[in-house]
Amino acid sequence: MAHQSELLLRNGDVRVFDDDRTVAESVLFRGDRIAAVGSTDDVESAADDPRVVDLDGRTVLPGFNDAHTHILSVGIQLIETDLSEADDREQALAMLSENARDTADGNWVLGFGYDESTWPEGDRSYLSRAELDGVTETNPVAVTRVDGHTVSLNSEALEKVDFEGVEHDVITDEQGDPTGRVVEDAAGRVKIASRPDVEKARRALDAAITRSHELGITSVQTMAGLTAVRDHGNLVQETLQKAWKDDDLTLRVTYYVHASQAASLSDLELAPGFGDEYLRVGGLKTFSDGSLGSRTAKIHGEYADDPSTDGQMVHDGDELEAWFREAARADQQIATHAIGGQAIDIVLDRYEAVLDEYEIEEPRLRVEHVELATDEALDRFADHDIVASMQPNFLQWSKPDGLYEARLGTDALPTNNRFRDIDGADVPLAFGSDKMPPGPLYGIHHATNSEYDPQRLDVDRAIAAYTRGAAYAEHAEEFKGTLEPGKLADAVVLGRDPFEHRAEIEEIDVELTIVGGEVVYEGS
Ligand SMILES: [Zn+2]
């Protein structure tokens, strides 16, 4: 028998996350699988010639699985200007100016992740064309808000992008002049115009993989964005497949293709979950509404800070249902973005119509975000085993004086992102980050430390949603999500036990990340 490498983690708290929530002392990886888990004596006697890591009481969890991210965007944000750390607009503009100084004339200057809702009071407007003209007049500048639904441009960029047919999403002032802000479909045009070339995309992917490992992430489910680059090839799929072919994909990636590719999926007759343990096709991704930050989530009632609107559908019910049918015919899983209560109800209506018509063995339909689901909606999720794919880190905006209070009013603070209610209603719950920012421990911290009962989960339930729940969401629970023998050897070792340090979970260090039995990250 060929010798397979072994890695033994011993003398710690190995939290298996099986149904019984076994806590073992040691775990043995052989090749890319878990070979044994149990007492140190038993596991050592099962080992042949392992590399040994003494845990010294530290905690081992199944590797985190980010159930909803955009892996290439994570990387592009890392190699371009990351504005998520900017404390105010002055700092954001200074960071962009620095990027502009280093960028050849004519090339795009890109910024990502700005969040004006966290800036000082009186300073919370979107970045404007005039401000960005101050950054540079010789480069197009595009600055994407943290939610991805709003992009601010300078004059050079406004000229460079073709907005034909989507002019309604180019926001103008009272005089009819562009403010520099564009939303939804127009934001998509910006993404197309400023898209990276193949070389840059690969650099971005590599950066995202490294970052994921630092965060203890061993698997991601990457969603086609609002605007898959429809008529320009699919850069994400191309980049992932090239990395996989080169044996450089050391993060397990399941990708959900854009709804516009629904027909190709059924033409190819791909089996559900087609691919291998590193790169798989998850199914179809589409959008119903927009976001709360951009006041485009389709909510029940109206926005507290703009009673003239209740949001907008990106795709209406009929359009959605046509794609759902295409996916159902191809036996592919469907993941639909729905944030507002109205949008969630519309998606459920259309899901039910498709479930009535097609015999799908285990459809495991997904709704992404589910931020404002009603009680009635939760019953429908539970009845049809529909996965609620949610982002606990979104609670960063659900604090007094925060963005959600501004948009939805004070009463909505405890009633958005009701993780505990959803989990308690027997709805399958999966956690991801939507890259705002990526980081499972940051998300778990928010879900376990909320001051509101409907949101606050036990540490166990929050970790479960980021491991076994996420595996279930992608039909991968047979080989991922727990540390049971036979499953993939994907694990994370933490510096402190989150069960004992609930109030400081976001500060816990990731010390080791293991994918397929290989150490891919070792903290210092
Ligand atoms: Zn997303």
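Anything mentioned here points back to the structure above.
The structure reproduced in this document is the subject of the present report. (Residues numbered from 1 in each chain as written. Predicted model: local features only at pLDDT ≥ 70, side-chain atom pairs only at ≥ 80, totals over all residues. Heavy atoms only, no water.)

1. Structural notes on the overall build of the protein
For step 1, the next point in the chain: Across its full length, the protein carries 17 helices and 24 strands.
For step 2, the next point in the chain: On C-alpha atoms alone, the protein measures out to a radius of gyration of 23 Å, which is about the 24 Å that the 2.2 N^0.38 rule sets for 524 residues.
For step 3, the next point in the chain: Projected onto the principal axes, the alpha-carbon positions of the protein cover approximately 80 × 55 × 50 Å.
For step 4, the next point in the chain: Counting every position in the protein, which comprises 524 residues, the buried fraction comes to 58%.
For step 5, the next point in the chain: Of the contacts made within the protein by residues no fewer than 6 positions apart, 72% connect residues no fewer than 24 positions apart.
For step 6, the next point in the chain: Total accessible area on the protein is roughly 21000 Å²; 43% of this is exposed by carbon and sulfur atoms.
For step 7, the next point in the chain: Here the protein holds 47 positive side-chain charges and 107 negative ones, and the gap between their average locations is 2 Å. (Helix = DSSP H or I, 4+ residues; strand = E, 2+ residues; numbered from the N terminus. Rg over C-alpha atoms; globule rule 2.2 N^0.38 Å. Buried < 20%, exposed > 50% of the residue type's maximum accessible area, 1.4 Å probe, protein only. Contact = heavy atoms within 4.5 Å. Areas by Shrake-Rupley, 256 points an atom, 1.4 Å probe, with all protein chains shown as cover. Lys, Arg positive; Asp, Glu negative; His and termini not counted. Charge placed at Lys NZ, Arg CZ, Asp CG, Glu CD.)

2. Describing the sheet that holds strand β14 (residues 178-183)
For step 1, the next point in the chain: One open sheet holds the 6 strands; their spatial order is β9-β10-β11-β12-β14-β13, and the pairing between them is mixed. Strand pairing shows two members of the sheet lacking a second neighbour, β9 (81-82) and β13 (170-172), which therefore form its edges.
For step 2, the next point in the chain: Where β13 lies against β14, 2 bridges are found, and the strand directions are antiparallel. Bridged to Thr172 within β14 is Pro178. (Pairing = 2+ DSSP bridges.)

3. Remarks on the coordination of the zinc ion
For step 1, the next point in the chain: With distances of 2.1 Å, the protein atoms coordinating the zinc ion are His68 (NE2), His70 (NE2) and Asp434 (OD).
For step 2, the next point in the chain: Donor residues for the zinc ion sit on one chain with the sequence pattern H-x1-H-x363-D. Highlighted residues: His70 in the loop between β8 (64-69) and α2 (71-79) and Asp434 in the loop between β21 (429-431) and α15 (440-449), separated in sequence by 364 residues.
For step 3, the next point in the chain: With relative accessibility at 13%, the residue His70 sits in the buried group.
For step 4, the next point in the chain: We classify Asp434 as buried; its relative accessible area is 6%. (Donors = N, O, S within 2.8 Å, 3.2 Å for Na, K, Ca; no water.)

4. A look at the packing of α15 against helix α16 (residues 459-466)
Helix-helix packing: each pair is described by the crossing angle between the helix axes and the interaxial distance.
For step 1, the next point in the chain: Between α15 and α16, the shortest axis-to-axis distance is 9 Å and the interhelical angle comes to 140°. On the basis of the axis angle, α15 is oblique to α16. The handedness of the crossing between α15 and α16 comes out as right-handed. Where α15 abuts α16, its residues Pro440, Ile444, Ala447 and Thr448 lie against Val459, Ala462, Ile463 and Tyr466.
For step 2, the next point in the chain: For the contact of α15 with α16, the class distribution of residues is 7 nonpolar, 1 polar and no charged. (Axes fitted to C-alpha atoms, helices over the stretch in contact; angles between N-to-C directions. Parallel < 35°, antiparallel > 145°, perpendicular 65-115°, else oblique. Left-handed = near helix turned anticlockwise from the far one by under 90°. Nonpolar A, V, L, I, M, F, W, Y, C, P; charged D, E, K, R; others polar.)

5. Description of the side chain of Asp497
For step 1, the next point in the chain: Among the secondary structure elements, Asp497 is positioned in the loop between β22 (491-494) and β23 (510-515).
For step 2, the next point in the chain: The class for Asp497 is buried, based on a relative accessible area of 7%.
For step 3, the next point in the chain: Within the local environment of Asp497, its side chain forms a polar contact with the side chain of Arg15, the two groups lying 3.4 Å apart. (Polar contact = N/O pair within 3.5 Å; in protein donor to acceptor, adjacent residues only side chain to side chain.)

6. Topic: the packing of aromatic side chains
For step 1, the next point in the chain: Tallying each qualifying case throughout the model produces 7 aromatic pairs.
For step 2, the next point in the chain: On the basis of an interplanar angle of 40° and a centroid distance of 6.2 Å, the ring pair of Trp397 and Tyr404 is categorised as tilted.
For step 3, the next point in the chain: Centroid distance Phe419 to Phe431: 5.1 Å. Interplanar angle 80°. Geometry classified as edge-to-face. Taken as a pair, Phe419 in helix α14 (residues 419-424) and Phe431 in strand β21 lie far apart in primary sequence, 12 residues in all.
For step 4, the next point in the chain: With a relative accessible area of 0%, Phe419 lands in the buried category.
For step 5, the next point in the chain: The structure contains a cluster of three or more aromatic residues connected by ring pairs, namely Phe64, Phe419, Phe431 and Tyr466. (Phe/Tyr/Trp six-rings, centres within 6.5 Å; stacked < 30°, edge-to-face > 60°.)

7. Section: the pairing of strand β7 (residues 59-62)
For step 1, the next point in the chain: In terms of strand pairing, strand β2 (residues 13-15) meets β7 through 2 bridges, oriented parallel. Each bridged residue has a counterpart across the sheet, and for Val14 the counterpart in β7 is Val60.
For step 2, the next point in the chain: Pairing analysis gives 4 bridges linking β7 to β22, with the strands arranged antiparallel. Looking at the pairing, Val60 lines up with Val493 of β22.

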